[in-house]
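Fold and contact review
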Amino acid sequence: MSAAAPQGAPEHPPLLDVEDVHGYYGLAHVLQGVSLSVRPGELVALLGRNGAGKTTTVKAVMGMVAVRAGQIRFSGHDFVGLPTERVAQLGVGYVPEDRRMFPGMTVRENFRLAALGARVRKAEQQAAQDRALQVFPQLTDHLDRVASRLSGGQQQMVAVGRALICGRKLLLVDEVTQGLAPNIATEMGRTLRRVADEGRGVLLVEQNSQMALELADRVYVLDQGVVVASGEAAQIRSDPTWLEQFLTL
Ligand SMILES: Nc1ncnc2c1ncn2[C@@H]1O[C@H](COP(=O)(O)OP(=O)(O)OP(=O)(O)O)[C@@H](O)[C@H]1O
Ligand SMILES: [Mg+2]
């Protein structure tokens, strides 16, 4: 546990490698040199106080923030400057903070639009939807319901399901448990752990740091646009005061 580069499982090269990224909203220099990595099969938690830059980091990977210095590499591709659509097509799924979907459309239509956005070929769209339903079988009976009529937990399943359709290799998940009942949040966390165990990389932004710590392999803590600490989750779990120093005001 240190502010130095993390020592992840060395057997896999990183799927996502963010190196010294500087990100801007207009003139506001928000990311001031963020470095992190995610390997296949890893669930990596990105923690930090409000305004630390977690969402901006995820958006930088998705091509939604101006990156003026640093590198973002994903599976052999250089992401800096790539449009969001291309990032999705290369196998990255994104669950945004605001649970963005098409509320007036059915679950099935939401999945189909996610597949179209990621340019999943027509012949493969059913299989892509089936994969999302394998992860969330609860949605099978709701495919023809309008998304806005579903419960909060089910809507989050649709949001993650959409990301699973694009994210063949990597999921970026921003505060997916916010507003959910504790048991539903726990279930969602376990599901994301399984998704990682089956081989995808997962980068999880989470307000509930205890839950994140239980689920994660590794943890990064952001503050004011830089990674101030990182480490193996198992080690951090054994020292309850470690996270507090970074997360309390
Ligand atoms: N569209 C924007 N334009 C200008 N500044 C922004 C914009 N979005 C966020 N910021 C600023 O960038 C900084 C990082 O914000 P960000 O949303 O990445 O934080 P966060 O760690 O996700 O916080 P939270 O836990 O509240 O979601 C904050 O100072 C915020 O005010
Ligand atoms: Mg945020």
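Data block above holds the structure.
The notes below deal with the structure included here. (Residues numbered from 1 in each chain as written. Chains lettered and ligands numbered in written order. Predicted model: local features only at pLDDT ≥ 70, side-chain atom pairs only at ≥ 80, totals over all residues. Heavy atoms only, no water.)

Considering the coordination of the magnesium ion (ligand 2)
Within the protein, T55 (OG1) and E97 (OE) serve as the donor atoms for the magnesium ion (ligand 2), at 2.0 to 2.3 Å. Placement of the pair is T55 in helix α1 (residues 54–61) and E97 in the loop between β6 (92–95) and α3 (107–117), with a sequence separation of 42 residues. With relative accessibility at 17%, the residue T55 sits in the buried group. (Donors = N, O, S within 2.8 Å, 3.2 Å for Na, K, Ca; no water. Helix = DSSP H or I, 4+ residues; strand = E, 2+ residues; numbered from the N terminus. Buried < 20%, exposed > 50% of the residue type's maximum accessible area, 1.4 Å probe, protein only.)

A word on the pairing of strand β4 (residues 66–74)
For a regular strand, side-chain orientation follows a simple rule: the groups alternate between the two sheet faces. Sheet analysis places strand β1 (residues 16–25) next to β4, joined by seven bridges and oriented antiparallel. Residue pairing in the sheet places H22 in a bridge with A69 of β4. Across two bridges, the pairing between β4 and strand β5 (residues 77–78) is antiparallel. For R73, the partnering residue across the bridge sits in β5 and is D78. If you look at the hairpin formed by β4 and β5, you'll find two residues sitting between the two strands, and S75 has a positive phi there, around 50 degrees. (Pairing = 2+ DSSP bridges.)

Quick look at the pairing of β6
Alternating positions in β6 separate into two faces, V92 and Y94 on one and G93 and V95 on the other, with burial throughout. Relative to strand β7 (residues 170–174), β6 runs parallel, the two sharing four bridges. Looking at the pairing, V92 lines up with L170 of β7.

Considering the sheet that holds β6
Strand order in the open sheet formed by six strands is β6-β7-β8-β3-β9-β10, and the pairing between neighbours is mixed. Bordering the open sheet on either side are β6 and β10 (226–232), each of which pairs with just one other strand. Between one strand axis and the next, the sheet turns through 15 degrees on average, direction left out of account. Of the strand pairs in this sheet, strand β3 (residues 43–48) and strand β8 (residues 201–205) are connected by four bridges, and their pairing is parallel. Along β8, the bridge assignment pairs A45 with L204. The sheet contacts of α1 involve β3, β6, β7, β8 and β9 (218–223), and relative to β3 the element is tilted by about 135 degrees. (Axes fitted to C-alpha atoms, helices over the stretch in contact; angles between N-to-C directions. Contact = heavy atoms within 4.5 Å.)

Quick word on the site of ligand 1
In the neighbourhood of ligand 1, 13 residues make up the surrounding shell, with G51, K54, T55, T56 and E97 lying closest. Side-chain polar atom of K54 to an oxygen atom of ligand 1: 2.7 Å apart, as the coordinates give it. Among the elements that take part in the shell around ligand 1, α1 stands out by supplying three residues, more than any other. In terms of residue class, the shell around ligand 1 is built from three nonpolar, six polar and four charged. (Near = heavy atom within 4 Å. Polar contact = N/O pair within 3.5 Å; in protein donor to acceptor, adjacent residues only side chain to side chain. Nonpolar A, V, L, I, M, F, W, Y, C, P; charged D, E, K, R; others polar.)

Digging into the packing of aromatic side chains
What the rule picks out here adds up to two aromatic pairs. Centre to centre, the rings of W242 and F246 are 5.1 Å apart; their planes meet at 65 degrees, and the pair counts as edge-to-face. Here F246 and W242 lie together in helix α9 (residues 241–247), a separation of four residues that amounts to about one turn. Per residue, the accessibility class of W242 equals that of F246, and both read buried. Against the face of Y24 rests R68, its NZ or CZ located 4.3 Å from the ring centre. (Phe/Tyr/Trp six-rings, centres within 6.5 Å; stacked < 30°, edge-to-face > 60°. Lys NZ or Arg CZ within 6 Å of the ring centre and 35° of its normal.)

Section: the nonpolar core
In terms of nonpolar packing, the biggest core is built from 50 residues, with F111, L192 and V219 touching the most fellow members. Among the elements that take part in this core, helix α5 (residues 152–166) stands out by supplying eight residues, more than any other. The residues contacting V219, other than those within four sequence positions of it, are A45, L47, L213, A229, S230, G231, A233 and I236. (Core = buried A, V, L, I, M, F, W, Y, C linked by side-chain atoms within 4.5 Å.)

Thoughts on the environment of L113
For L113, the position within the fold is in helix α3. Note on L113: relative accessible area 31%, which makes it partly exposed. Each C-alpha atom, one on L113 and one on F102, is 9.1 Å from the other, the two residues being eleven residues apart in sequence. Residues within four places of L113 in sequence aside, it is in contact with F102, M105 and R162.

Here we look at the packing of α3 against α5
Two elements in contact, α3 and α5, have axes separated by 8 Å at closest approach and are oriented at 30 degrees. By the criterion of interaxial angle, the relationship of α3 to α5 is roughly parallel. Regarding α3 and α5, the two cross each other, and that crossing is right-handed. Contact residues: V107, N110, F111, L113, A114 and A115 in α3; V158, G161, R162, I165 and C166 in α5. (Parallel < 35°, antiparallel > 145°, perpendicular 65-115°, else oblique. Left-handed = near helix turned anticlockwise from the far one by under 90°.)

In short, shape yes, function no, at least from these values alone.
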